[in-house]
Amino acid sequence: MKKVLSLVLASLLTLGVLAGCSGKEETPETPGTETPGTETPGEIPAEGGVMYSNGGPVEFFEHPWLNPGVFLHQKVLFDRLLVADENLNPIEGQLAKEYSITEDGSLLTMTLKDEIYWHDGEKITADDVKWSIEYALKITGLNGVFASTFNAIEGAEAYVKGEATEISGIKVDGQKIEIAFAKTAPDALLTFTQFAPLPMKHFEGEDPLAFQQSKFWQSPVGSGPFMVDEVKLNEYTTLKAFDKYHDGVAAYSIYLTPSPGDSDPNLVTNAQAGMVDYAYTKNVEFAESLKNVDGLNVTQVDIRYTRLFYMNKFKGADGKASPLADVRVRQAIAYAIDMDAIATNLFKGAAIPANSLTPNEAGKAEGLNDYKYNPEKAKELLAEANWDENEVLDVVYYYTDQQTVDFMAAIQSYLKEVGIKMEFRLLEGDLNTLLWTPPADPVNGPSAVEWDMAYAANAALSLHEYYNRYLTGSSSNSHTPSDAKLDELINATNSTFDNAEKTKAFQELQKYENETLFTYALYYQPVFVVESDKILEGAPKYGNPQFNYNWGIQNWKLAAE
């Protein structure tokens, strides 16, 4: 059976049959119209030329407090307090001119530079930083590393509960900020290399629960080397050099074509049209196609990146138990899918089947179950769980490339073979709300989101980010009901600065994850950085393009047009 399904998968991919399996009709191209994202404005003022890229806003600019650097605009519109190197190790200040942390990590002190400004010309203050931390704890969908660090601050618990109007552990004295931690915050410095302070005055009267819907995100005011120039949502966005930037003024502007999520279906087309000077992709087929475009260079970068299915185990709004609440069903799904065949046939060998959220790196637990393809075992588990064959799983995804549709169709085919029906659909709109809104009751639910499985990714800053979102009460835990054992294991990884103790704690957590499949890690994947010959001098070293590091984009040199 394995050989037959593998051959069928390969044949379907070759013939392109999988493109029609989503149930969504393709929109025919109308003569005389242009594809969104390809319109070029008549004139873009830029003394040193224009760098073309993707990741422009479709309906709004994605805020940087969940995925801090997935979109180029998140990296260039906003500065951070500290800077990380290409391996995401904190190395120096950015908005901060100096910083220090005590040996036990209990007190972090940062002093801001004197001449730092928001793009509206107002000075950036330590009060903006304090407000940003406090406001972040009120929003939904906060990055897991940020949430863990901020909740460890002295007084944060009382503030979150509404028992205090501010976080007592954050003290401001002029441009100096002192942050006292009540408990261990192992990623404190890392957090401040990624967390972007925002201008307090622009959020007066705004509802933090509607953070992404704020009018601010139609044309945000930032602190980075580039500022918003012109915005035509879902058409193009231009960014110009910020002339008051504290660390050198860029000699070029940036033109962004729109793309939802971190996947751009128009990347190859735009590159062939000369509209891409810098971008990145995880799509293997796109990378291979881009290598054949004259004037483009493609570099593979290995990163900490895991694709997975989030399993929604909360009961539905109607009180019905989740079909995925039974661990045997989750294990059956894993045995039913031949990830080796998918990695070979669909991803051309550029994906590594996973057995944990944690990639294959030093210190990972040994002896984990790989859940090798075994449809008979899957059927046995489903029978034990009294699986209802009339149940239809609702599977969602947000990537808009054809490879994702092909992947969904392959999963659908494998699950059908063992008696599990599924439908899949593309999520569009405010993804943070649709994917990550937690239930009011994190123990009993009901679910606040409307899906059974969500195909997504973790591009982790640290191993803590892989797992902290599964804690009871996490602001992005829309899927996993309170589990005392899971909470205990996750908390153990967060309670020590000792590397040996931390490694041991993560190994125990990986074993529990592998056994219970509270989430289903599918595969690990590299990223491909795309640069045109127009970029004469770019980043000194390659880091993970989904995060912020010392790439010095304001100092890049472009060839004259």
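Owing to the predicted nature of the structure, the values given are computational and were not obtained by experimental measurement.

1. A few points about helix H15 (residues 484-493)
Step number 1: Leu486, Asp487, Leu489, Ile490 and Thr493 are the residues of H15 that are buried. Considered in projection along H15, the buried side chains sweep an arc of 165° and stay on one side of the axis. The exposed residues of H15 that point more than 90 degrees off its buried face are Ala484 and Glu488.
Step number 2: Of the surrounding secondary structure, the elements contacted by the buried residues of H15 are helix H14 (463-468) and helix H16 (499-516).
Step number 3: At the N-terminal end of H15, a side-chain oxygen is found 3.0 Å from the backbone nitrogen of Lys485, two or three residues along, and the residue is Asp483.

2. A look at the sheet that holds strand E18 (residues 520-524)
Step number 1: If you walk across this open sheet you meet the 6 strands as E14-E18-E13-E17-E15-E16, and the pairing is mixed. Unpaired on one side and paired on the other, strand E14 (352-353) and strand E16 (421-426) mark the two borders of the sheet.
Step number 2: Examined bridge by bridge, strand E13 (residues 305-311) and strand E17 (residues 453-459) share 7 bridges and lie antiparallel to one another. In the strand pairing of E17, Tyr310 is matched with Ala454.

3. Topic: the sheet that holds strand E9 (residues 236-241)
Strand pairing in a sheet relies on backbone hydrogen bonds. The paired strands run either parallel or antiparallel.
Step number 1: Spatially, 4 strands are ordered E1-E10-E9-E8 in an open sheet, and the strand pairing comes out mixed. Of all strands in the sheet, those with a lone pairing partner are strand E1 (50-56) and strand E8 (226-232), marking the two edges. Strand-to-strand twist in this sheet, taken as the mean axis angle between neighbours without regard to direction, amounts to 25°.
Step number 2: Pairing between E1 and strand E10 (residues 253-258): 5 bridges, direction parallel. Within E10, the position partnered with Val50 by the bridge is Ser253.

4. Details of unusual backbone geometry
Step number 1: Cis rather than trans, the peptide bond between Gly445 and Pro446 has omega equal to 10°.
Step number 2: Position of Pro446 relative to the elements: it lies in the loop between helix H13 (431-436) and E17.
Step number 3: A positive phi angle, close to 55°, is found at Lys348, a residue other than glycine.
Step number 4: Of note, Lys348 is situated in the loop between helix H10 (339-345) and E14.
Step number 5: The backbone phi angle of Leu517 is positive, close to 50°, even though this residue is not glycine.
Step number 6: Its location among the elements puts Leu517 in the loop between H16 and E18.
Step number 7: Residue Leu517 is classed as buried on the basis of its relative accessible area, which comes to 5%.

Procedures and definitions
Residues numbered from 1 in each chain as written. Predicted model: local features only at pLDDT ≥ 70, side-chain atom pairs only at ≥ 80, totals over all residues. Heavy atoms only, no water. Buried < 20%, exposed > 50% of the residue type's maximum accessible area, 1.4 Å probe, protein only. Helix = DSSP H or I, 4+ residues; strand = E, 2+ residues; numbered from the N terminus. Arc of directions from axis to C-beta. Contact = heavy atoms within 4.5 Å. Polar contact = N/O pair within 3.5 Å; in protein donor to acceptor, adjacent residues only side chain to side chain. Pairing = 2+ DSSP bridges. Axes fitted to C-alpha atoms, helices over the stretch in contact; angles between N-to-C directions.

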